[in-house]
Amino acid sequence: MTTVSPTPETTPAATSLAAPHVSVGQTPPPSMRLRELAFGAACAAAVRAAARMGVADALGETPASAAELALVVDAEPVPLQRLLRALCCYGIFSETPDGKFVHSEMSRLLREDDPNSLRYIALWCTEPWTWEVWPHLDDAVRSGSSVFPETFGKGFFEYLHQDAGESAQVFNRAMTTSSVQSAQDVADLLDLTGVTTVVDIGGGQGHVLASLLEKHPSVHGTLLDLPGVVARADARLRDGGRLADRVRIVPGDCREDIPVEADLYIIKNILEWDDESTRRTLRNVVSAARSGARVVIIENLVDDSPSMRFTTAMDLLLLLNVGGAKHTRESLVGRMSDAGLQVGEIHPVNAYLHAFECVVP
Ligand SMILES: C[S@@+](CC[C@H](N)C(=O)[O-])C[C@H]1O[C@@H](n2cnc3c(N)ncnc32)[C@H](O)[C@@H]1O
């Protein structure tokens, strides 16, 4: 996308809204804070609009007026200024005293070309289907079940793939972003001393596996995931890729069978479905692994994380869309112990993930 170059012109309509610099960071009293929180949809919608319109991509390193940006993103100057001012209240973009806009740390993350871009995650969290299920949260809390079948007449993934192709693509890109961003953190955390073989169960496109194999040139790895997912595995792992000679790709359903023996089993961000699927997967790991093998389970926790607003929001969305749940430390330890794993140390991986070390007895 084109980025605005500094030009002096602004339209009268845009300048008519030029107002005192927005101040961010004052804590309002509870009566105002609750009003603001109840209006949370406005913030989510503003983030989504900016992401869809490419506003952050249009803003370069020079302060730009709403009118200048409006030309690039094909919008009306005054409404764009209103959108930007709303976002500035949350620290997304910043307004200069002369009514121009500049990037903040958060607005840069909405740029598609930022190395840590969250553009697809922002879109994923605010896809059209989310606006249809949130109003039914009270029903889901009463029933303890997903509201997707009643709302859309089918399960979440069926809906996504049959009726919402654009959302499915956003989902894939958001999952890839999330996976790539945490893969390096996992590779940095895990000590592979004594490990020669590793398998990532439900490893998606294999970003964690690729990061581990890049870091440890003598380690061999297996990627196990559903057939449609491993077909799109990271190019480094596929035939002709630079790690391919150390990789085995196994299409399969980990709830049915895990036909892989390895020194280390990684299970990251998949145990957020129903309990029976978790039980079957962990039981299959224990059956496949030799005594003494290591199992590392990596998950977001809803009770012990610096980012609990994020993990609890994900937890509620999982309830709504698939009837799933994020775990507490205790619930995850309980599932592992029930499967017969010996649970050892628990380490934070980053601000939103924890790794649980286990051993197969
Ligand atoms: C949230 S993603 C996590 C991917 C990866 N572990 C990561 O953290 O980047 C969940 C993964 O579980 C996989 N999955 C879901 N059901 C599965 C099953 N029955 N057998 C194997 N993999 C499954 C999905 O295809 C997806 O790749």
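Before reading further, recall that the structure is shown in the block above.
No experiment lies behind these values; they were computed from the predicted model shown.

A. Representation of the site of the ligand in the model. Of all residues adjacent to the ligand, which total 15 residues, the nearest are S179, G202, D225, D253 and K268. Side-chain polar atom of D225 to an oxygen atom of the ligand: 2.7 Å apart, as the coordinates give it. Within the backbone of C254, one N or O atom sits 2.9 Å away from a nitrogen atom of the ligand. Protein chains bury 83% of the 590 Å² of accessible surface belonging to the ligand in isolation. Of the residues that constitute the shell around the ligand, the class distribution is 5 nonpolar, 6 polar and 4 charged.

B. View of the layout of surface pockets. Of the volumes computed, that of the second largest pocket is approximately 200 Å³. R52, L123, E127, E166 and V170 are the residues nearest the centre of the second largest pocket, which is lined by 14 residues in total. Among the elements of the structure, α3 (40-53), α8 (119-125) and α13 (165-189) are those that each provide at least two residues to the lining of the second largest pocket. It is α13 that contributes the most residues to the lining of the second largest pocket, 6 residues altogether. Tallied by class, the residues present in the lining of the second largest pocket amount to 5 nonpolar, 3 polar and 6 charged.

C. Unusual backbone geometry, seen in detail. Within the chain, D74 stands out as a residue other than glycine whose phi angle is a positive 60°. Note that D74 resides in the loop between α5 (66-73) and α6 (77-88). In the Ramachandran plot, N269 falls in the positive-phi region, its phi being about 55° despite a non-glycine side chain. Within the fold, N269 resides in the loop between β6 (264-268) and α16 (275-288).

D. Local environment of the packing of aromatic side chains. Scanning the model with the defined rule gives 12 aromatic pairs in all. Three or more aromatic residues joined by ring pairs make a cluster, and in this case those are W124, W129, F148, F152, F156, F157, Y159 and F171. Stacked on the ring of Y120, the Lys or Arg R119 has its end atom at 5.3 Å from the ring centre.

E. Representation of the pattern of salt bridges within the structure. Counting across every chain of the model gives 19 salt bridges. For E214, the salt bridge identified is with R236, shortest N-O distance 3.1 Å. Taken together, the residues span a long stretch of sequence, with E214 in helix α14 (residues 207-215) and R236 in the loop between α15 (227-230) and β5 (247-251) at a distance of 22 residues. Judged by relative accessible area, which is 32%, E214 ranks as partly exposed. Residue R236 is classed as partly exposed on the basis of its relative accessible area of 23%. We note a salt bridge from E357 to R294, for which the minimum N-O separation is 2.8 Å. With E357 in strand β9 (residues 354-359) and R294 in strand β7 (residues 294-299), the pair connects residues that are 63 residues apart, well separated along the chain. When its relative accessible area of 16% is taken as the criterion, R294 is described as buried. Salt bridges linked by common partners bring E214, D234, R236 and R242 together as one network.

Cut-offs used in this document
Residues numbered from 1 in each chain as written. Predicted model: local features only at pLDDT ≥ 70, side-chain atom pairs only at ≥ 80, totals over all residues. Heavy atoms only, no water. Near = heavy atom within 4 Å. Polar contact = N/O pair within 3.5 Å; in protein donor to acceptor, adjacent residues only side chain to side chain. Areas by Shrake-Rupley, 256 points an atom, 1.4 Å probe, with all protein chains shown as cover. Nonpolar A, V, L, I, M, F, W, Y, C, P; charged D, E, K, R; others polar. 1 Å grid on protein atoms, 1.4 Å probe; cavity = no way out; pocket = protein on both sides within 12 Å on 5 of 7 lines; lining within 4 Å. Points joined across faces, edges and corners; volume = space filled by probe spheres on them. Helix = DSSP H or I, 4+ residues; strand = E, 2+ residues; numbered from the N terminus. Phe/Tyr/Trp six-rings, centres within 6.5 Å; stacked < 30°, edge-to-face > 60°. Lys NZ or Arg CZ within 6 Å of the ring centre and 35° of its normal. Salt bridge = Lys/Arg side-chain N within 4 Å of Asp/Glu carboxyl O. Buried < 20%, exposed > 50% of the residue type's maximum accessible area, 1.4 Å probe, protein only.

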